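The primary structure of each chain is shown beneath.
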Amino acid sequence: MNEPPTGRARFMDARLPPEGGTPRSSLRTPPQETIGRVRFMDAQRVNLDGFAAPDPRLGLIAMSAPGDPAPSLVITEGRVTELDGRAEADFDSIDEFIARHGLDLAAAGEAMALDDIALARLMVDPFTPRAEVIRLTAGVTPAKLARVLALLAPAELTMAMTKLRARRTPSNQAHVTNRLDDPLLLAADAATAAAFGFREVETTVPVLADAPSNAVACLIGATVASPGVLIQCSVEEAAELELGMRGLTSYAETVSLYGTEQVFTDGDDTPWSKAFLASAYASRGMKMRVSSGAGAEVLMAGAEGKSMLYLESRCVALARAIGAQGVQNGGIDGASVAASVPSGLRELMAENVMVMARGLESCSGNDALMSESDMRRTSRTLPIVLAGSDFVFSGFGSIQRYDNMFGPSNFNAEDIDDFLAMQRDWGIDGGLRTVSPARLAELRREAAQACADVYRYLGLADFTHVDLAADAAGSKDLGEVDTLAILGAAQAIAQRGLTAVDIVAALDECGYPDYAERSLAFVRARLAGDYLQTSAIFDEQLNVLSLVTDPNDYAGPGTGYAPAPARQAEIDAIRQVRGVEDLRAAQARSGARQRQATPGLLAPLGPAGPGTDPRDVVIGVSPALALDVWECLSGQPVRDVVAEILAGLEEEGCTARVVRFPATVDLGQIGLLAARLSGSGIGIGLQGKGTALIHRRDLAPLANLELYSVAPSVTPQLYRLLGANAARHAKGATPDPARNPYSDEAIEARYHTTVIALMELERARVLPGAAPVELSLEGFR
């Protein structure tokens, strides 16, 4: 059982640039004659990814390889004597174990007789009960199941996943690690993960001997933020089992399976040794699932000419045969291998559906960064989020990429706000929730302090960097850390045989009775054994949600899981949400500052009349400007914007008046009406949001002379130029038109909600038929 120290091999791409570096194309260096458009395309991050030509001989094929066996099953006197084209005498150890323990022979005849398309349709059909699909799938061979799933289109895989997952309520798992194994930072980050809603926290170590300390730190931190968060420390299997028996961890998932016998034996393993290990975990009260996934055999040159989906189908059948309650798959460490070949992402999702069809818990991958392209990695994850899985991620990197000792996840701390927005965008439950910055700061400090106090009380170490750990975005923010003290603490935990009960007692003695009781209640709940049911998690009331207590009941529209109103409100309430009242308050604060600096600023003087001076230019402003709207989308105060326009007019020898037009919010109309009032026939229109234009009295409302349409990007210099160009038009010249600045920002996404609120303020000030009002220029002269 020679697993890597983390229990899963992590394969890093040596072509990735150093952190913060410029992307370097993984393609050949383009020749000098390559045109600029292609050079621009080559510089995009997607070109850091490796894309492989399909090669079935090496296993570089997602599904339906020429070397995949045809499905077959022969049962002689109750004994499997042929499996997927191989006679009993030729069975390898995987065939043998599946044949003896992995098939329901009572259902096999009926299931194997079904046409592939017929079985595929049953998986998708909402009117065929989930239980019926599970019954039939229990009787099909690995080759049959792989061939059936290869028929499902991406949308059909999503439908099948929605229907077939075990637990009704979706959930999520976090990675919590750091490069230094610093316990206070681990505790703060575990509290953060639990606060965000992760129901499992997985840690690992860069230094194997630190494992006991990591487990204790994550246990303390998660307990501070939420009851019932399951903890795993992914290390060598014997050490992991010992941590679980001490109650310091509560689940395991790094028991690896492979789809070819050669790769199994390379790791000094057999299906029987894995079955023994699975029973060892279960008999000692630890939840466990196995790990497999596409690409593992390819990376070890052991694919034997078979497709990734077929090899994974063998793994999943074996998982059921050894008695595991669930599977972590969907590529895992080999996700980028699957993603390098055509239909690779489809294959990864099919792996997850395969687990669900076998009646097991699915921990659906997404825990290894499969692309440097934000678009590709989102396309990998989004279908799983939409469908819902027992665990949408088998390791969302809740810490920064550089601190993830498993290697970066497909989503990391950098992406948490994006994921929360994704949930809100689609109205779905991906298991997470928003936490206010104030609450997060409170929890992180409390967790770090509790961890420091427990370590000090138990004589493990005297760590004093509580404030640093609470504030840190990652281990780089900690400065110098005594790593030998961390190692000493871990060795003391191991040598003294400390258990979860010792942690409970220490929490109580250190003045944390609520956390002590919470931790003890969790130990009691685990001892009851219900969380060993398939697909089990604890909710925050320590209720077990599982296939038994919370079975997926999807049967078409209007059925299955939907967030309760309170949960939906939690999903919707991301921290970036702003309403009209928020904007009104911010605008009022800005207005108070400007009026204090310039008393009488843009105060009404009375009705505005037509001008006679040929150099008179009217600046027409919208109804709420300098009443409710005081700051433009660019962040510039209204006073500064008006001052720049006035300065531009003055530089070209024109005079200006500022006139409010209360009857309309339409910028074209405001500019045209201003031009008709001005002595020069030239007017400037200015909305509160900062959009501005130059108009002439004889033009149609939409036929302006110059327009600043991208208000957030308009600078003070551009407003001054607008004033100067208006003056030049007034003098009969033809100026070089002002142009909107370059921008690649998502202007609509960033500002449209603010625009809606601003326009609501403007609309509330509209007085139909009201005469224009001249405003004071006191303070501008």
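Residues numbered from 1 in each chain as written. Predicted model: local features only at pLDDT ≥ 70, side-chain atom pairs only at ≥ 80, totals over all residues. Heavy atoms only, no water.

S.K.: Is there a simple way to think about the layout of surface pockets in this case?
M.R.: One water molecule sets the probe size; rolling that probe over the atoms shows where empty space is left. If you add up the space inside the second largest pocket, you get close to 580 Å³. Looking at the second largest pocket, it is lined by 22 residues, and the ones nearest its centre are Gln576, Arg578, Arg750, Thr753 and Thr754. Mapped onto the lining of the second largest pocket, the elements with two or more residues apiece are helix H18 (416-426), helix H25 (580-597) and helix H29 (747-764). Considering every element that reaches the lining of the second largest pocket, the biggest residue donor is H29, with five residues. Among the residues making up the lining of the second largest pocket, the classes are represented as nine nonpolar, six polar and seven charged. Taken domain by domain, the makeup of the lining of the second largest pocket includes at least three residues from each of domain 2 (173-249 + 389-521) and domain 3 (580-775). (1 Å grid on protein atoms, 1.4 Å probe; cavity = no way out; pocket = protein on both sides within 12 Å on 5 of 7 lines; lining within 4 Å. Points joined across faces, edges and corners; volume = space filled by probe spheres on them. Helix = DSSP H or I, 4+ residues; strand = E, 2+ residues; numbered from the N terminus. Nonpolar A, V, L, I, M, F, W, Y, C, P; charged D, E, K, R; others polar. Domains from an automatic or database assignment.)

S.K.: Would you mind going over empty space enclosed by the protein with me for this structure?
M.R.: Within the structure shown, the criterion is met by two cavities of 30 Å³ or more. Leu219, Ala222, Thr223, Ser226, Pro227, Gly228, Val229, Ile231, Arg518, Ser519 and Phe522 are the residues that line the largest cavity. Sorting the residues of the lining of the largest cavity by element identifies helix H9 (211-225) and helix H23 (513-527) as the ones contributing at least two each. Partitioned by chemical class, the residues of the lining of the largest cavity number six nonpolar, four polar and one charged. Here the second largest cavity defines a volume of roughly 50 Å³. Around the second largest cavity sit Leu219, Ile231, Gly247, Leu248, Thr249, Ser250, Ala500, Ser519, Phe522, Val523 and Arg526, which together line it. The leading source of residues in the lining of the second largest cavity is H23, at four residues. Each residue belonging to the lining of the second largest cavity can be placed in one class, and the counts come to six nonpolar, four polar and one charged.

S.K.: Help me out: how do you make sense of unusual backbone geometry in this one?
M.R.: It is generally the case that most residues other than glycine have a negative phi and that most peptide bonds are trans. Unlike most non-glycine residues, Ala301 shows phi in positive territory, near 55°. Residue placement: Ala301 occurs in the loop between helix H13 (296-299) and helix H14 (308-322).

S.K.: I keep staring at the side chain of Ser171 and nothing clicks. Help me out?
M.R.: Topologically, Ser171 is positioned in the loop between helix H7 (154-164) and strand E4 (173-175). With relative accessibility at 3%, the residue Ser171 sits in the buried group. Filtering out sequence-adjacent residues up to four positions away, Ser171 remains in contact with Arg199, Ser389, Asp390, Phe391, Val392, Gly430 and Ile537. (Buried < 20%, exposed > 50% of the residue type's maximum accessible area, 1.4 Å probe, protein only. Contact = heavy atoms within 4.5 Å.)

S.K.: Sorry if this is basic, but what is going on with a nonpolar patch on the surface here?
M.R.: On the surface, Ile35, Val38, Phe40 and Met41 cluster together into a nonpolar patch covering about 400 Å² of accessible area. Considering the arrangement of structural elements, one finds Val38 in helix H1 (residues 36-42). Note on Val38: relative accessible area 33%, which makes it partly exposed. (Patch = residues over 30% accessible without salt bridge, like charges linked within 9 Å, V, L, I, M, F, W, Y side chains within 5 Å. Areas by Shrake-Rupley, 256 points an atom, 1.4 Å probe, with all protein chains shown as cover. Salt bridge = Lys/Arg side-chain N within 4 Å of Asp/Glu carboxyl O.)

S.K.: What exactly am I supposed to notice about the pattern of salt bridges here?
M.R.: A side chain with one charge may pair with a side chain of the opposite charge, provided their charged atoms come close. With the rule as written, the count across this model stands at 46 salt bridges. In this structure, Glu442 engages Arg439 in a salt bridge whose closest nitrogen and oxygen atoms are separated by 3.2 Å. Pair noted here: Glu442 and Arg439 are both in helix H19 (residues 437-457), with a separation of three residues, about one helical turn. A relative accessible area of 36% places Arg439 in the partly exposed class. Salt bridges linked by common partners bring Glu200, Glu253, Lys287, Arg289 and Glu361 together as one network.

S.K.: Please explain helix H4 (residues 116-124) as it appears in this structure.
M.R.: Every α-helix winds through 3.6 residues per turn, so residues three or four apart in the chain are directed the same way. Asp116, Leu119, Ala120, Met123 and Val124 are the residues of H4 that are buried. Considered in projection along H4, the buried side chains sweep an arc of 140° and stay on one side of the axis. On its buried face, H4 sits against helix H5 (130-137), helix H6 (142-149), H7 and helix H16 (344-357). Looking at where H4 begins, the residue whose side-chain oxygen comes 3.0 Å from the main-chain nitrogen of Ile117 is Asp115. (Arc of directions from axis to C-beta. Polar contact = N/O pair within 3.5 Å; in protein donor to acceptor, adjacent residues only side chain to side chain.)

S.K.: So what exactly am I meant to see when it comes to the sheet that holds strand E8 (residues 287-291) here?
M.R.: Each strand in a sheet pairs with another by means of backbone hydrogen bonds, the pair being arranged parallel or else antiparallel. One open sheet accounts for four strands, arranged E7-E8-E9-E10; its pairing is parallel. Every other strand in the sheet has two partners, leaving strand E7 (251-256) and strand E10 (361-363) as the edge strands with one partner each. When the angles between neighbouring strand axes are averaged without regard to direction, this sheet yields 30°. Here E7 pairs with E8 via four bridges, running parallel. Paired with Tyr251 across the strands is Lys287, a residue of E8. Against the sheet, helix H12 (residues 271-283) touches E7 and E8, its axis set at about 175° to E7. (Pairing = 2+ DSSP bridges. Axes fitted to C-alpha atoms, helices over the stretch in contact; angles between N-to-C directions.)

S.K.: Teacher, can you tell me more about the pairing of E8 here?
M.R.: Strand residues, when the strand is regular, have side chains that alternate between the two faces of the sheet. Within E8, five of the five residues are buried, which leaves it mostly tucked inside the rest of the structure. Neither face of E8 is exposed, since Lys287, Arg289 and Ser291 on one face and Met288 and Val290 on the opposite face are all buried. As defined by bridge partners, E8 adjoins strand E9 (residues 326-328) across two bridges and the pair is classed as parallel. Within the sheet, the bridge partner assigned to Ser291 lies in E9 and is Gln328.

S.K.: I'm lost on the nonpolar core in this one. Help?
M.R.: One broad rule of soluble globular proteins: the nonpolar side chains tend to lie buried together. Counting 157 residues, the largest nonpolar core has Leu149, Val290, Ile322, Tyr455 and Leu507 as its most contacted members. With 11 residues, the single largest contributor to this core is H14. Split by domain, the residues of this core number at least three in each of domain 1 (1-170 + 260-365) and domain 2 (173-249 + 389-521). Apart from the residues within four sequence positions on either side, Leu149 is in contact with Met123, Leu157, Leu309, Ala350, Val353 and Met354. Cys632, Val638, Leu722 and Ala738 belong to the second-largest nonpolar core, a separate cluster that totals 35 residues. (Core = buried A, V, L, I, M, F, W, Y, C linked by side-chain atoms within 4.5 Å.)

S.K.: Before we go on, may I ask you to explain helix H2 (residues 93-101) in this structure?
M.R.: If you check which residues of H2 are buried, you get Ser93, Ile94, Asp95, Phe97, Ile98 and Ala99. Structurally, H2 contributes buried residues whose contacts are with strand E2 (79-83), strand E3 (86-87), H6, helix H11 (261-266), H12 and H14. The backbone nitrogen of Ile94 lies 3.1 Å from a side-chain oxygen of the residue at the head of H2, namely Asp92.

S.K.: Sorry if this is basic, but what is going on with the packing of H9 against H19 here?
M.R.: For the pair H9 and H19, interaxial distance at closest approach is 9 Å and the crossing angle is 135°. The pairing of H9 with H19 is recorded here as oblique in orientation. For the pair H9 and H19, the sense of crossing is right-handed. Contacts between H9 and H19 involve Ser213, Val216, Ala217, Ile220, Gly221, Val224 and Ala225 from the former and Leu443, Glu446, Ala447, Ala450, Cys451, Val454 and Tyr455 from the latter. Its residues placed into classes, the contact of H9 with H19 shows 11 nonpolar, two polar and one charged. (Parallel < 35°, antiparallel > 145°, perpendicular 65-115°, else oblique. Left-handed = near helix turned anticlockwise from the far one by under 90°.)

S.K.: In this structure, what is going on with the packing of H7 against helix H17 (residues 374-387)? I would like to understand it.
M.R.: When two helices pack together, their arrangement is captured by the angle between the axes and the distance separating the axes. Close contact between H7 and H17 brings their axes to 8 Å; oriented N to C, the two are set at 40°. One way to sum up the angle between H7 and H17 is to call them oblique. As for the relative orientation of H7 and H17, their crossing is right-handed in sense. In this structure, H7 uses Thr158, Met161 and Thr162 to contact H17, whose residues at the interface are Pro383, Ile384 and Ala387. A breakdown of the residues in the contact of H7 with H17 according to their chemical character gives four nonpolar, two polar and no charged.

S.K.: Any chance you could explain the domain arrangement of the protein chain here in plain terms?
M.R.: Under the domain assignment used here, the protein chain contains domain 1 (1-170 + 260-365), domain 2 (173-249 + 389-521) and domain 3 (580-775). For domain 1 and domain 2, the distance between their C-alpha centroids amounts to 31 Å. Listed as interface residues are 30 residues of domain 1 and, on the opposing side, 30 residues of domain 2. In this assembly, domain 1 packs against domain 2 so that about 2400 Å² is buried in total across both faces, 50% of it on carbon and sulfur atoms. Put simply, domain 1 and domain 2 have three salt bridges between them. With a closest N to O distance of 2.8 Å, Arg289 and Glu200 form a salt bridge. Where domain 1 packs against domain 2, one counts 13 residue pairs in polar contact (both at pLDDT 80 or more). Every element with two or more residues in the side of domain 1 that touches domain 2 is listed here: H12, E8 and E10. Counting residues per element, the side of domain 1 that touches domain 2 draws most heavily on H12, which supplies four residues. (Buried area = accessible area lost by both parts, 1.4 Å probe.)

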